[in-house]
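Examination of the molecular architecture
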There are 2 protein chains.
Amino acid sequence: MIRIGIMGYGNLGRGIECAVKQNPDMELKAVFTRRAPESVQILTPGVPVYSAQEAIKRKDEIDVLILCGGSATDLPEQTKEYAKYFTVVDSFDTHARIPEHFAKVDKAAAEGGNIAVISVGWDPGMFSLNRLYANAILPNGNDYTFWGKGVSQGHSDAIRRVAGVVDGKQYTIPVEKALEAVRNGENPQLSVRDKHTRECFVVPEEGADLAKIEEEIKTMPNYFSDYDTTVNFITQEELDRNHSGIPHGGFVIRSGKTGWNEENSHVIEYSLKLDSNPEFTAAVIVAYARAAYRMKAEGMTGCKTVFDIAPAYLSALSGEELRAKML
Amino acid sequence: MIRIGIMGYGNLGRGIECAVKQNPDMELKAVFTRRAPESVQILTPGVPVYSAQEAIKRKDEIDVLILCGGSATDLPEQTKEYAKYFTVVDSFDTHARIPEHFAKVDKAAAEGGNIAVISVGWDPGMFSLNRLYANAILPNGNDYTFWGKGVSQGHSDAIRRVAGVVDGKQYTIPVEKALEAVRNGENPQLSVRDKHTRECFVVPEEGADLAKIEEEIKTMPNYFSDYDTTVNFITQEELDRNHSGIPHGGFVIRSGKTGWNEENSHVIEYSLKLDSNPEFTAAVIVAYARAAYRMKAEGMTGCKTVFDIAPAYLSALSGEELRAKML
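Cut-offs and rules
- Residues numbered from 1 in each chain as written.
- Chains lettered and ligands numbered in written order.
- Predicted model: local features only at pLDDT ≥ 70, side-chain atom pairs only at ≥ 80, totals over all residues.
- Heavy atoms only, no water.
- Pairing = 2+ DSSP bridges.
- Helix = DSSP H or I, 4+ residues; strand = E, 2+ residues; numbered from the N terminus.
- Contact = heavy atoms within 4.5 Å.
- Axes fitted to C-alpha atoms, helices over the stretch in contact; angles between N-to-C directions.
- Least-squares fit on C-alpha atoms with pLDDT ≥ 70 in both.
- pLDDT = per-residue confidence, 0-100.
- Buried < 20%, exposed > 50% of the residue type's maximum accessible area, 1.4 Å probe, protein only.
- Buried area = accessible area lost by both parts, 1.4 Å probe.
- Salt bridge = Lys/Arg side-chain N within 4 Å of Asp/Glu carboxyl O.
- Nonpolar A, V, L, I, M, F, W, Y, C, P; charged D, E, K, R; others polar.
- Right-handed = clockwise from strand over helix to strand, strands pointing away.
- Core = buried A, V, L, I, M, F, W, Y, C linked by side-chain atoms within 4.5 Å.
- Polar contact = N/O pair within 3.5 Å; in protein donor to acceptor, adjacent residues only side chain to side chain.
- Phe/Tyr/Trp six-rings, centres within 6.5 Å; stacked < 30°, edge-to-face > 60°.
- Lys NZ or Arg CZ within 6 Å of the ring centre and 35° of its normal.
- Parallel < 35°, antiparallel > 145°, perpendicular 65-115°, else oblique.
- Left-handed = near helix turned anticlockwise from the far one by under 90°.
- Expected span 1.5 Å × (residues − 1).
- Arc of directions from axis to C-beta.

A short note on the sheet that holds strand β9 (residues 165–174) of chain A
All names here are of chain A. If you walk across this open sheet you meet the four strands as β8-β9-β10-β11, and the pairing is mixed. Edge positions in the sheet fall to β8 (150–151) and β11 (228–233), since each has one partner strand and no second. Bridge count between β8 and β9: two bridges; the pairing is antiparallel. Within β9, the residue paired with Gly 150 across the bridge is Thr 172. Taken strand by strand, helix α8 (residues 210–218) contacts β9, β10 (196–204) and β11, and its axis lies near 150° from that of β11.

Structure (structure tokens):
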């Protein structure tokens, strides 16, 4: 049994707990939290919740510690710290800062004699893998990534900061016409506006100036001004009833040419349609926790990404079973 | 430069030649053929064509020998023989015989101190990879593979063996309704007939009994009797004009559940739309030739499949570049 520890019990931590339950070669050993441990109710009977400060002294009880903090402030500190003591997996998703994060974590994991897998999930993660495979196969081609339909936490937060707004949720939606052009191998040049639209569901304060709220959202730089944005005003009850989920997904498409005169076109498409963004991210992380456990058992150390890990490490099946059933 | 040799110059061999041209870190060093070498015209200026018998004595000129023979009789003999002398890649695609092929090739490659990558292409190959990744992520789910729209060589050959048929081509077509049900996460139980239809374009002999030909095709066991099959009679000229390509493709879809009570559904889909089946297969093989070359350079030996090879080995980019650009 692979003994899993969870550091941080929010949506992602709870997703990890659910994913561990589905994998018979794993058991949840402990949850660590920065909140008061007695205030945290988890789902798995009999599993202890400890203060985050206790983690390091319990390191021999845990095979893989899964770091479920945020990328802005938690993971840049946590991953490089815990990689000294544990085999760890994180979902660090600030694409631009991955090289820097990798370097620090690699040093810590090498010193600790551990494996640290960073930036696991679906983007970065499965989408990255599909970009790599498709680029290696079709060196002459174009990449397209579309996100959605799904909830963007950052954009929903931005809506809620607007004066007169009580609550709100934002969906990122890929533009069907752009998707079709890409799938047809037309290699379109697409602006930010061409690729995605943004749909907002907003609960206003009583008596708020709706036109002003709509204007402020639609013209917000970085978040909305470069997109075709729709603003729908609804009641809190409607928001809670119809928009409480955290769906997401998207498409990674590469079209490219082969042939002596590049006369043949090919389209490679990978897509995800997810009811729960954090639970799917957690499911990917748990598969990579298995890989990390095995790689460490084989004596490997250092920081790894999804690019560095042979697919067979992810599966509970043996090499023989995989070749017989899945190849 | 990775020096590539091609063993066997048919559609796949020619595809390898085209793919090597697109990869600046590779050069085509030699083509080996069982035909009279002087009768084989290749596309790349200045590259020699040798008799297959000369291959072993030229082993020091070649970094990776790509075996482009058929799975029925060529590869079961060739791969295990050449793996003693060369780093090799093959596209062995008889799924049921892969374990046996693996065992023999593994022994030969280990003895020779070489890497041998078998069963590379898109199915087996990229489709297998996507089955593995999706199964590891969603242990509770269902797999679906659809093929097409594309030309099946085996079914086209079967048509041409029918009395009164001069020429013919068969397309395998996924049933859109079944695809949609799978994409919607309905987890349908699908029979052979539910998943694919077969469309035949047949050139009859002059004065042939068309009704008899149609009946014979539609009732042919294994090939057509389990499917809804359409037979279209056309002229040789029409066949040559409209059906001379070798397109193919397909879909690998896994739908699965997550959550404490499995309350959330997810759909992972990978699809290919290929103008040229052999050229795309060749493009995948050439990326794995790069991986094989690097793994051998690192001192690894033995038989590998796509499951055993970390994705980063496929790309001409360095780890730093991959993390900065594709993660």
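Some points on the relation of the copies chain A and chain B
Of the two same-sequence chains, chain A is brought onto chain B (RMSD 0.1 Å, axial shift 0.0 Å) by a rotation of 180°. What the superposition gives is, in effect, a two-fold axis relating one chain to the other. Using C-alpha coordinates, one finds that chain A approaches the rotation axis most closely at Ala 310 of chain A, a distance of 1.9 Å. The share of interface residues of chain A whose copies in chain B are also at the interface is 100%, consistent with both copies meeting through the same surface.

Thoughts on the confidence of the model for chain A
Overall, the prediction assigns chain A a mean pLDDT of 97, with 100% of residues at 70 or greater. Interface confidence in the predicted complex, given as ipTM, is 0.96; pTM for the same model is 0.96.

Focus: the pairing of strand β12 (residues 248–258) of chain B
For a regular strand, side-chain orientation follows a simple rule: the groups alternate between the two sheet faces. Residues and elements named next belong to chain B. Buried residues dominate β12, accounting for 10 of its 11 residues. Of the pairings in the sheet, the one linking strand β7 (residues 141–147) to β12 comprises seven bridges and is antiparallel in character. Across the sheet, Trp 147 pairs through a bridge with Gly 250, a residue of β12. Across 11 bridges, the pairing between β12 and strand β13 (residues 264–274) is antiparallel. Among the inter-strand pairings, His 248 is bridged to a residue of β13, identified as Leu 274. A loop of five residues connects β12 with β13, the two strands running antiparallel in sequence, and Gly 259 in this loop sits at a positive phi of about 105°.

Observations regarding the interface of chain A and chain B
Contact with chain A, which involves 69 residues of that partner, is made by 69 residues of chain B. With both chains or domains summed, chain A and chain B bury close to 6100 Å², and 63% of this area falls on carbon and sulfur atoms. Summed over the shared surface of chain A and chain B, the number is zero salt bridges. Elements represented by at least two residues in the side of chain A that touches chain B include exactly α1 (11–21), α3 (98–112), α4 (126–137), β12 (248–258), β13 (264–274), α10 (277–297) and α11 (319–325) of chain A. Per element, the largest residue contribution to the side of chain A that touches chain B is 11 residues, and it comes from β13 of chain A. A breakdown of the residues in the side of chain A that touches chain B according to their chemical character gives 36 nonpolar, 19 polar and 14 charged. Here β13 of chain A pairs with β13 of chain B via nine bridges, running antiparallel. Its bridge partner lying in β13 of chain B, Ser 271 of chain A is registered against Glu 269 of chain B.

Structural notes on the pairing of strand β2 (residues 26–33) of chain A
All names here are of chain A. Among the eight residues in β2, six count as buried, and that is most of the element. Pairing of strand β1 (residues 2–7) with β2 involves six bridges; the strand directions are parallel. Residue Met 7 lies in a different strand from β2, and its bridge partner there is Phe 32. Once you follow β1 into α1 and on to β2, the crossover reads as right-handed. In terms of strand pairing, β2 meets strand β3 (residues 49–51) through three bridges, oriented parallel. The partner of Val 31 across the bridge, within β3, is Val 49.

Things to note about the nonpolar core
Ile 4, Ile 16 and Tyr 288 of chain A together with Ile 4, Ile 16 and Tyr 288 of chain B are the most contacted members of the largest nonpolar core, which totals 164 residues. Ignoring any residue separated from it by four or fewer positions in sequence, one finds Tyr 288 of chain A in contact with Val 89, Val 117, Val 120, Leu 129, Val 306, Ile 309 and Leu 314 of chain A together with Tyr 133 of chain B.

What about the side chain of Thr 281 of chain A?
All names here are of chain A. Locating Thr 281 in the fold gives a position in helix α10. Of the residues examined, Thr 281 reaches a relative accessible area of 12% and is grouped as buried. Within the structure, the side chain of Thr 281 is placed 2.9 Å from the backbone oxygen of Asn 277, a separation counted as a polar contact. The contact partners of Thr 281, leaving out residues within four places of it in the chain, are Leu 12, Ser 91, Val 120, Gly 121 and Trp 122.

Thoughts on unusual backbone geometry
Cis geometry marks the peptide bond from Asp 123 of chain A to Pro 124 of chain A, where omega comes out at 5°. Within the secondary structure, Pro 124 of chain A sits in the loop between β6 (115–117) and α4. Note the cis peptide between Gly 148 of chain B and Lys 149 of chain B, where omega equals 0°. Turning to its location among the elements, Lys 149 of chain B is positioned in the loop between β7 and β8 (150–151). With a phi close to 60°, Ser 119 of chain A is a non-glycine residue in the positive phi region.

Concerning the packing of aromatic side chains
Each pair of aromatic rings is reported with the distance of its centres and the angle of its planes. The full count for this structure, using the stated rule, is 11 aromatic pairs over all chains. Between Phe 127 of chain A and Tyr 270 of chain A, the aromatic rings sit 6.1 Å apart at their centres with planes inclined by 85°, giving edge-to-face as the arrangement. Note that Phe 127 of chain A is positioned in helix α4 and Tyr 270 of chain A in strand β13, a separation of 143 residues in sequence. We classify Phe 127 of chain A as buried; its relative accessible area is 0%. Taken together through their ring pairs, the aromatic side chains of Trp 122, Phe 127 and Tyr 270 of chain A make up a single cluster. A cation over an aromatic ring shows up here: Lys 21 of chain A above the ring of Trp 260 of chain B, its NZ or CZ 4.1 Å from the ring centre.

Focus: the side chain of Ser 156 of chain B
Here Ser 156 of chain B is to be found in helix α5 (residues 153–160). Discounting chain neighbours no more than four positions away, the residues touching Ser 156 of chain B are Val 151, Gly 168, Lys 169 and Gln 170 of chain B.

Points about the packing of helix α1 (residues 11–21) of chain B against helix α10 (residues 277–297) of chain B
All names here are of chain B. Relative orientation of the contacting elements α1 and α10 amounts to 55°, with a least axis distance of 8 Å. On the basis of their axis angle, the class for α1 and α10 is oblique. At the point where α1 passes α10, the crossing takes the right-handed sense. Packed against α1, whose contacting residues are Asn 11, Leu 12, Gly 15, Ile 16, Ala 19 and Val 20, the element α10 presents Pro 278, Glu 279, Thr 281, Ala 282, Ala 283, Ile 285 and Val 286 at the interface. Across the contact of α1 with α10, the residue classes break down as nine nonpolar, three polar and one charged.

Side note on helix α3 (residues 98–112) of chain B
With 15 residues, α3 of chain B extends 21 Å between its outermost C-alpha atoms, agreeing within 8% with the 21 Å of an ideal straight helix rising 1.5 Å per residue. Among all positions in α3 of chain B, only Ile 98, His 101, Phe 102, Val 105, Ala 108 and Ala 109 of chain B are buried. The buried residues of α3 of chain B occupy an angular sector of 140° when projected down its axis, which confines them to one face. Across from the buried face of α3 of chain B, at angles greater than 90 degrees, the exposed residues are Lys 107 and Glu 111 of chain B. The inward-facing, buried residues of α3 of chain B contact α11 of chain A together with α2 (74–82), β6 (115–117) and β14 (302–304) of chain B.

What to know about the environment of Ser 156 of chain A
For Ser 156 of chain A, a relative accessible area of 1% puts it in the buried group. Distance in space between the C-alpha atoms of Ser 156 of chain A and Tyr 223 of chain A is 9.9 Å, their sequence separation being 67 residues.

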